[in-house]
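Topology and contacts: notes
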Amino acid sequence: DMRNQLLEIVDAVYTPDECPTSLQKKINNVVNRFIYQQPVPVTESEKVRAFHGRPSLIQATGVLCKRYRPKAVVAEYVFTTPCLREVPSIVLKLVDTHDMFSRRDPEEPFYCSPEEERAYLLNADVVIAIQAAEAEHFRELVPERKVVTVGIDYEVVTHSQTDDEISRNVVLVVGSNYPANIAGLKDFCEHAWPLVCKENPGAELWVAGKIGEAVSNEVPQARVLGWVENLQALYRQSAVVINPTKTGTGLKIKTVEALCNALTSMSFCGRS
């Protein structure tokens, strides 16, 4: 089903095992495995690298480049950039970073050192950053590469009317049960929400989506809404929408600064 959905918007879909490798290359692979014994991935971090940069995917990239002769090739996440080594030099090579993994907690599976991330990035000609602040960090890490950001093709609502008394007290969070979302909301409920409730006893925390798993029964003045069909209506019912994440992929905002500004300026807070 997913393949059929993809084929509605792209010309072709391949997986690594669908790209035939020449007999000579297969022989070379077997010989290389005997001569250059690669350590078996043990840690979660090593498994992440081994999966995203696996030989079958790298070889498939080379096969498809010969077949289609592309103008540009995009690697998703820095861990797949070893595939770009199989791309001809005349082809533009880009990496869509999604996140800067060397700034994550070293205990996380997707963490890599600045030296490792730099080595990954150097496989590309152009680095695509998710937002301006992260782009500056990438420019410091790989000054010899072009770093760009891209816009979001989405209508932005700059203000919303919340005349209803209930709406002026609602803090909304929407999200999936992605581990980074869960961790961020748990921290917010433990450290920040008690301060908001103290400032405004009428405040309510509305939680939409599977992220509601992070909200325990002990969290005061919280409503777990589960799956919500119409988010637009829900946003309009809220005084402020928060994104309490410390790490994660996707579009980031300056969560602390933005949240503080919102909480101190919205009418539900009462005072700074």
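Residue numbers here run from 1 along each chain, matching the order of that chain's written sequence. Given that the model is predicted, a residue must reach a pLDDT of at least 70 before its local features are reported, and side-chain atom pairs must reach 80 or more before they are shown or counted; all residues, however, enter totals for whole chains, interfaces and linings. Side-chain calculation: all heavy atoms of the structure are included, whereas hydrogens and water are not.

1. Let's talk about the confidence of the model for the protein chain
Stated formally: Each residue gets a pLDDT score, which is the predictor's confidence in that residue and runs from 0 to 100. The way it works is that DSSP assigns letters per residue, a run of H or I at least four long becomes a helix, a run of E at least two long becomes a strand, and they are numbered from the N terminus. In what follows, residue pairs with any heavy atoms lying within 4.5 Å of each other are defined as contacts.
Across the protein chain, pLDDT averages 83, with 78% of residues at or above 70. When pLDDT is averaged over each helix and strand of the protein chain, the minimum, 49, is found for helix H9 (residues 255–265) and the maximum, 97, for strand S2 (residues 92–96). Long-range and interchain partners of residues 254–259, a stretch whose pLDDT sits below 50, account for 5 contacts in this model, where long-range means more than four residues apart. Confidence drops under pLDDT 50 across residues 265–272; counting only partners more than four residues distant or on other chains, this segment forms 17 contacts.

2. Details of the side chain of Glu 117
Counted only if it meets this: Each residue is placed in one exposure class: buried if its accessible area under a 1.4 Å probe, protein chains only, is under 20% of its type's maximum, exposed if it is over 50%, and partly exposed if it falls in between. Neither His nor the chain ends contribute to the count of charged residues, in which Lys and Arg are positive and Asp and Glu negative. The working definition used for a salt bridge is a side-chain nitrogen of Lys or Arg within 4 Å of a carboxyl oxygen of Asp or Glu. Counting of polar contacts relies on pairs of N or O atoms within 3.5 Å, with two restrictions inside protein: one atom must be capable of donating a hydrogen and the other of accepting it, and residues adjacent in sequence are counted only when both atoms are side-chain atoms.
Position of Glu 117 relative to the elements: it lies in helix H5 (residues 114–121). With no salt bridge to any partner, buried Glu 117 finds its closest opposite charge in Arg 103, at an N-O distance of 8.1 Å. Side chain to side chain, Glu 117 and Ser 102 meet in a polar contact 2.5 Å long. In this structure Glu 117 touches Val 78, Asp 99, Met 100, Phe 101, Ser 102, Cys 112, Phe 138 and Leu 141, once residues within four positions along its chain are discounted.

3. Topic: the sheet that holds S2
To keep it simple, the criterion reads: Strand pairing requires that DSSP identify at least two bridges connecting the strands. Interaxial angle, 0 to 180 degrees, is taken between N-to-C directions of lines fitted to C-alpha atoms, where a helix line uses only the stretch in contact.
Taken in spatial order, the 4 strands of this open sheet run S1-S2-S3-S4, and their pairing is parallel. Of all strands in the sheet, those bounded by a partner on one side alone are strand S1 (72–76) and strand S4 (146–149). If you compare each strand with its neighbour and ignore which way they point, the axes differ by 25° on average. Direction of pairing for strand S3 (residues 126–129) relative to S4: parallel, over a ladder of 4 bridges. Note on S4: the bridge partner recorded for Val 127 is Val 147. Most of the contacts of helix H6 (residues 132–141) go to S4, to which it runs at about 175°, and overall it touches S3 and S4.

4. As for the pattern of salt bridges
Counted by the stated rule, this structure contains 6 salt bridges. Here Lys 47 makes a salt bridge to Glu 44, at a shortest N to O gap of 3.7 Å. Separated by 3 residues within a single helix, Lys 47 and Glu 44 lie in helix H3 (residues 44–52), roughly one turn from each other. Across the salt bridge formed by Glu 136 and Arg 139, the nearest N and O atoms sit 2.6 Å from each other. Taken together, the positions of Glu 136 and Arg 139, both in helix H6 and 3 residues apart, correspond to about one turn of that helix. Judged by its relative accessible area of 34%, Arg 139 falls in the partly exposed class. The network of salt bridges with common partners includes Asp 99, Arg 104 and Glu 108.

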